[in-house]
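# Summary of structural features
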Amino acid sequence: MKRRIFLTLAAAAVTSMVAGVPAAQAADPVKIGFLVKQPEEPWFQDEWKFAEAAAKKDGFTLVKIGAQSGEKVMSAIDNLHAQQAQGFIICTPDVKLGPGIVAKAKADGLKMMTVDDRLVDGSGKPIDSVPHMGISAYNIGQQVGKGLIDEIKKRGWDMKDVGAIDVTYEQLPTAHDRTQGATDILVASGFPKANIIAAPQAKTDTENAFNAANIAITKNPQFKHWVAYGLNDEAVLGAVRAAEGRGFKADNMIGIGIGGSDSALNEFKKPNPTGFYGTVIISPKRHGEETSELMYAWITQGKEPPKLTLTTGMLATRDNVGKVREEMGLAAK
Ligand code: GLA
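It should be emphasised that the depicted structure is a prediction, and the values quoted were computed from it without experimental measurement. (Residues numbered from 1 in each chain as written. Predicted model: local features only at pLDDT ≥ 70, side-chain atom pairs only at ≥ 80, totals over all residues. Heavy atoms only, no water.)

Attention now moves to the environment of Leu-119. The residue Leu-119 is located in the loop between strand E4 (111-115) and strand E5 (132-135) in this model. Along the chain, Leu-119 and Cys-91 lie 28 residues apart, while their C-alpha atoms are 9.0 Å from each other. With sequence-adjacent residues up to four places away left out, Leu-119 is seen in contact with Thr-92, Val-95, Gly-98, Ile-101, Val-102, Met-112, Thr-114, Lys-125, Pro-126 and Ile-127. (Helix = DSSP H or I, 4+ residues; strand = E, 2+ residues; numbered from the N terminus. Contact = heavy atoms within 4.5 Å.)

In structure tokens:
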């Protein structure tokens, strides 16, 4: 009897080995972690929503984890290992945690891919051995800059009277590249460099952007109009709220964000326009669903994801946001 069971098991193992998949793996249910640095931000909720769609379609379990600090990341990875997950996707709270995260994933035998924010090594260089999907940050920043210039011209503002709030977060490379792209286009289009006011935010949320922008506006009473840009919609919303508080409403403020999730959409739904003029919509579908599918294929077929995928965006304003979302394959909201 014992021998018979053994033979059956051996035969099963051989069959699945022939199909190119180790027996144990084929039988194990697939479990994938999705760690994000700011679970309260609509962008990350959208990413999770699309990751759930992939889980449903492919039939794996998705473990969503908010990991706002290095300690949380490390314990989450151990926890995933204990739950017998095979891999995870992460937007890290700090890109400098790179080598530590890579070592931890390796020690726990988990496959790993990064999304949004790319890990860096001790010298600040991207860790290119880890597959990554991010946005084409500099180009998207340039789209923001172009949108601002076009609208300044449309309104017939004299550029010498316009201040630009550049909400910066220099420790994050993708944030640096985005705001640099916008700055470069402004300057190349004849916008006075001296009118660009850096407003460094301490954290990447609306409150911190508000505080940074408030200082920039208070210190520069010479400007009649303002424009604002930053790494995401939350940064620009902070600047827009600060400007409102100082009397710069939709007529005298042009803010263009990056994202296109609820923070921006809610602004466009308000009955009257606000200083939040537009957003470059990027794709939480690609960043959430496609990354999950790539991880699933890696686990089940041994197919490693491309090392680097950079996604694009499209500028939307309250006038065409529905159409742009549709074109980007995002459902109506
Ligand atoms: C960073 C930002 C997010 C979002 C993503 C998009 O992580 O903090 O708000 O813009 O990039 O990749």
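Structure's up, so let's keep going.
Quick look at the UniProt feature "domain: Periplasmic binding protein/LacI sugar binding" (unreviewed entry) in the protein chain now. Summarizing the sequence annotation, UniProt attributes the feature "domain: Periplasmic binding protein/LacI sugar binding" (unreviewed entry) to residues 31-312 in the numbering used throughout. For residues 31-312, helix accounts for 45% and strand for 21%, while the C-alpha atoms at its two ends are 29 Å apart. (UniProt positions renumbered as here; feature names shortened; annotations may be inferred.)

Let's shift gears to the pairing of strand E11 (residues 308-311). Burial of E11 is one-sided: the residues Thr-309 and Thr-311 facing one way are buried, the residues Leu-308 and Leu-310 facing the other way are not. Pairing between E5 and E11: four bridges, direction parallel. From the neighbouring strand, His-132 faces E11, where its bridge partner is Leu-308. (Buried < 20%, exposed > 50% of the residue type's maximum accessible area, 1.4 Å probe, protein only. Pairing = 2+ DSSP bridges.)

A full pass over the atoms with the stated rule returns three aromatic pairs. Both rings, one in Phe-223 and one in Trp-226, keep their centres 5.2 Å apart while their planes meet at 75°; by these two values the pair is edge-to-face. In this structure Phe-223 comes out as buried when scored by relative accessible area, which is 6%. Sitting above the plane of the Phe-50 ring, Lys-49 keeps its charged end 4.8 Å from the centroid. (Phe/Tyr/Trp six-rings, centres within 6.5 Å; stacked < 30°, edge-to-face > 60°. Lys NZ or Arg CZ within 6 Å of the ring centre and 35° of its normal.)

Another aspect to go through is the site of the ligand. Near the ligand there are 13 residues, and of these Lys-37, Glu-41, Asp-116, Asp-117 and Arg-178 occur at the shortest range. Within the side chain of Glu-41, one N or O atom sits 2.6 Å away from an oxygen atom of the ligand. A distance of 2.6 Å separates an oxygen atom of the ligand from a polar atom in the side chain of Asp-116. Its free accessible area being 310 Å², the ligand has 99% of it covered by the protein chains. Each residue belonging to the shell around the ligand can be placed in one class, and the counts come to six nonpolar, two polar and five charged. (Near = heavy atom within 4 Å. Polar contact = N/O pair within 3.5 Å; in protein donor to acceptor, adjacent residues only side chain to side chain. Areas by Shrake-Rupley, 256 points an atom, 1.4 Å probe, with all protein chains shown as cover. Nonpolar A, V, L, I, M, F, W, Y, C, P; charged D, E, K, R; others polar.)

Right, let's talk about the sheet that holds strand E6 (residues 162-168) for a bit. If you trace the six strands from one edge of the open sheet to the other, you get E7-E6-E8-E9-E10-E12, paired in mixed fashion. The open sheet is flanked by strand E7 (196-200) and strand E12 (314-317), the only strands paired with a single partner. Sheet twist, expressed as the mean angle between neighbouring strand axes with direction ignored, is 20°. Judged from the three bridges that link them, strand E8 (residues 225-229) and strand E9 (residues 253-259) form a sheet pairing that is parallel. Along E9, the bridge assignment pairs Val-227 with Ile-254. Relative to E6, helix H7 (residues 173-188) is tilted by about 160°, and along the sheet it contacts E6, E7, E8 and E9. On top of the sheet, helix H8 (residues 206-218) reaches E6, E7 and E8; it is set at about 145° to E7, its chief contact. (Axes fitted to C-alpha atoms, helices over the stretch in contact; angles between N-to-C directions.)

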